[in-house]
Amino acid sequence: MLASADRALTFHDDASRTYRVSGPLMAGFREGQGTLPRGFYVINGPAWRLDVSADNHRTVSGTYRIRQNICEDLSWRLPDGARPAPLQRCGPRRCGT
């Protein structure tokens, strides 16, 4: 998860954790492993929380909105059946840096 939000993180004895968040946070959800469908989301709101259980089930609650599902935004750009090109390593000779 990446964030530019203000957040407080609490670790629990059962290996779960709670993020209390204000602002945008990027979080991924696997199929059947959370309160949102499968995807990678930018979630935003003034006061919300993300609870992650020990088995990685994610629950979003509070005052939030989905700003973007990055997976959906990227998938419309590829024709049916197309796969993205493999990533190339970027070194001093390839990228001119």
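The coordinates are above.
It should be emphasised that the depicted structure is a prediction, and the values quoted were computed from it without experimental measurement.

*Asks:* Would you explain the environment of H12 in this entry?
*Replies:* Take H12: it is sitting in the loop between β2 (6–11) and β3 (17–22). Classification of H12 by relative accessible area gives partly exposed; the value is 33%. Separated by 42 residues in sequence, H12 and A54 place their C-alpha atoms 9.3 Å apart. At 2.8 Å, the side chain of H12 forms a polar contact with the side chain of T18.

*Asks:* How do you make sense of the pattern of salt bridges when you look at a structure like this?
*Replies:* Pairing is possible between side chains of opposite charge, provided their charged atoms come close. For the structure on display, the rule yields one salt bridge. Between R49 and D51 there is a salt bridge whose closest N-O contact spans 2.9 Å.

*Asks:* Which parts of the structure should I look at to understand the nonpolar core?
*Replies:* Burial of nonpolar side chains together is a common tendency in soluble globular proteins. Counting 13 residues, the largest nonpolar core has F29, I43, W48, L50 and V60 as the members making the most contacts within it. Of all the elements in the fold, those that place two or more residues in this core are β3, β4 (25–29) and β5 (39–52). What W48 contacts, discounting residues up to four positions off in sequence, is Y19, R20, V21, G23, L25, I43, V60, S61, G62, T63 and Y64.

*Asks:* Please explain the packing of aromatic side chains as it appears in this structure.
*Replies:* Remark: the centre distance and the inter-plane angle together describe each pair of aromatic rings, the angle taken between the planes. In this structure the tally under the stated criterion is two aromatic pairs. Relative to Y41, the ring of F29 has its centre 5.8 Å away and its plane inclined at 75°; by these criteria the two rings are edge-to-face. Here the residue F29 occupies a position in strand β4, and Y41 occupies one in strand β5, the gap between them amounting to 12 residues. As far as burial versus exposure is concerned, F29 and Y41 are alike and both buried. With 6.4 Å between their ring centres and 45° between their planes, W48 and Y64 make a pair best called tilted. One end of the pair, W48, is in strand β5; the other, Y64, is in strand β6 (residues 58–69), with 16 residues separating them in the sequence. In this structure W48 comes out as buried when scored by relative accessible area, which is 3%. For Y64, a relative accessible area of 31% translates into the label partly exposed.

Definitions and cut-offs
- Residues numbered from 1 in each chain as written.
- Predicted model: local features only at pLDDT ≥ 70, side-chain atom pairs only at ≥ 80, totals over all residues.
- Heavy atoms only, no water.
- Helix = DSSP H or I, 4+ residues; strand = E, 2+ residues; numbered from the N terminus.
- Buried < 20%, exposed > 50% of the residue type's maximum accessible area, 1.4 Å probe, protein only.
- Polar contact = N/O pair within 3.5 Å; in protein donor to acceptor, adjacent residues only side chain to side chain.
- Salt bridge = Lys/Arg side-chain N within 4 Å of Asp/Glu carboxyl O.
- Core = buried A, V, L, I, M, F, W, Y, C linked by side-chain atoms within 4.5 Å.
- Contact = heavy atoms within 4.5 Å.
- Phe/Tyr/Trp six-rings, centres within 6.5 Å; stacked < 30°, edge-to-face > 60°.

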